[in-house]
Amino acid sequence: MQSSKTQSFSLLKLIILALLGTISLVLFFINFPLPFLPTPYLKIDFSEVPALMAAFIFSPLAGVIVVAIKNILYLAIGGGEIIGVLANFLTGVLFIVPVALMYHKFKGVKSVISGLVTGTIVMALGMSVLNYFLILPAYGWFMGWEMTEQFKWFSVYAGILPFNLIKGIVVGLLFVPLFLKMRQWIEEKRASLV
Amino acid sequence: MNNALIIGQYVPGNSLVHKLDPRTKITLIFFFVFIVFLANNVLSYSILTLFALVSMVISRVPIRFIMKGLTPIWFLIVFTFILHIIVTKEGSVWLEIYSFQIYSGGVFQGIAISLRFFLLILVTSLLTLTTTPIEITDAIEDMLHPLKKVKFPVHELALMMSISLRFIPTLMQETDKISKAQASRGVDFRTGSIKDRAKAVVPLLIPLFVSAFKRAEELAMAMEARGYNGGEGRTKLRELKINARDIAVYLLFIAVIAGLLLTRGY
């Protein structure tokens, strides 16, 4: 009896993560660019929110799985090209893991807010570094562009860095009121599922 | 809402490309991404273009669907072309506008690199145009199978992906329904500052999360009741099979690679 119970819990967990992945994908399609940045390909969306939910209820790894499902399905339905999708995956991981770690350590609203601030900074700095050394050169290689130092610095300073800071803030602006309203529900689910 | 999302890019059909095993398609595209870089003269580029165009024609996907997939890329292709014309200063001067000169080398390089980029996008989008997301998921599960040896949960990942795919239309409909219900109560999603819009999403997400959890519980119970107990010994509704046509396509692809190696300039 006991073994069948744990089996059913892990199956339920898998299904919950799959559905959160679907919500994440649906939210991924409702995106908008930031009008004042010179980089129209960078778009803000709320697809990290379901992943944060998974990360809060289960573990940071569960959040990463939700982001992975979203990105793999996005590729499978032919939504975008692989480098951009990979960059989006890394952005999600860099944002979610710090927030979830902070939340699981202290719980409470303050830790969520400080987690969101940390996550935003980690994501913005991490993506700046990754873009400079990996993502922009990868695009350059595919498109046969000479990626000059100047171009890379400009993209990071005028695009990637401010974009990710603003993205973190906007997602935070949505997530904090959501967390306040759903806090009890999250705790309940946590208690009954984990 | 965006109706195209329900089925993604997929265009139903009965062509040879549609009928190929999804694993064959994924493998070929993986190698195609590398072999496009082999082409470096007119002849080798012609072989590549011929291969891509023939695949496109026999897939019988209407041109407008292919072009729709390419729309976000046109800008990049044109930009790459112009960039090379401006930057590359090789060969003879073809055109002189005041002090600005266009070199033959720049034009050739621009054409070659935009063409390479175009072919890359064309062939990769053929995969999602002719393969259902479910087939791609099955293929990924099968191709990741060796990772089971290092305890990577291949079956669980595939299960999550197929459940997730199944619920895209359902949850999109639900999102639509909730947002209409909230809009009728006066929530404004379309206007206002980014901050206001972020806040307007909260009453949309809460019911979405709660109902997703309910659905998950129901589905888990239904699967258990039907005797689901993990990946071991589970049979499949859709079996992947490598046919003679897959082998023929592999051989043709090897011939293309050989052709490229023979014709490219060293």
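Scoring rules and cut-offs
For every chain, the first residue of the written sequence is number 1, and numbering continues from 1 along that sequence. Both sets of labels track the order of writing: A upward for chains, 1 upward for ligands. Residue-level local features of this predicted model are given only where pLDDT is at least 70; pairs of side-chain atoms are given and counted only at 80 or more, and the full residue set underlies all totals for whole chains, interfaces and linings. Numbered from the N terminus, helices here are DSSP runs of H or I no shorter than four residues, and strands are runs of E no shorter than two. Radius of gyration means the value over C-alpha atoms here, while the globule rule gives 2.2 Å times the residue count to the 0.38 power. Think of it as a crowd count around each C-beta: if 20 or more other C-beta atoms lie within 10 Å the residue is buried, if 12 or fewer it is exposed, and in between it is partly exposed, with C-beta placed from the backbone throughout. We call two residues in contact whenever the C-beta atoms placed from their backbones are within 7 Å. Lys, Arg, Asp and Glu make up the charged group, whereas Ala, Val, Leu, Ile, Met, Phe, Trp, Tyr, Cys and Pro make up the nonpolar group; the residues left over, Gly among them, are polar. What fixes the domain bounds is an automatic or database domain assignment.

1. Some points on the overall build of chain A
A count of helices and strands for chain A gives six helices and two strands. Relative to its length of 194 residues, chain A is compact, with a C-alpha radius of gyration of 18 Å against a globular reference of 16 Å. Seen through its C-alpha atoms, chain A measures out along the principal axes to roughly 65 × 35 × 25 Å. A burial count over chain A gives 46% of its 194 residues as buried.

2. Describing the overall build of chain B
Secondary structure summary: chain B contains 10 helices and two strands in total. Reading the secondary structure of chain B in the N-to-C direction produces α-α-α-α-β-β-α-α-α-α-α-α. Computed over its C-alpha atoms, the radius of gyration of chain B comes to 25 Å, more than 25% above the 18 Å expected for a compact globule of 266 residues. With the principal axes as the frame, chain B shows a C-alpha extent of 70 × 55 × 35 Å. Looking at chain B as a whole, 26% of its 266 residues are labelled buried. Contacts in chain B between residues far apart in sequence, at least 24 positions, make up 75% of those at least 6 positions apart.

3. Here we look at the interface of chain B and chain A
Each partner contributes residues to the interface: chain B has 51 residues there, and chain A has 39 residues. Of all the elements, helix α9 (residues 202-225) of chain B adds the most residues to the side of chain B that touches chain A, at 14 residues. Of the residues in the side of chain B that touches chain A, the class split is 33 nonpolar, 11 polar and seven charged.

4. Points about the domain arrangement of chain B
What the domain assignment reports for chain B is domain 1 (3-131 + 241-263) and domain 2 (145-225). Each of domain 1 of chain B and domain 2 of chain B has a C-alpha centre, and the two are 35 Å apart.

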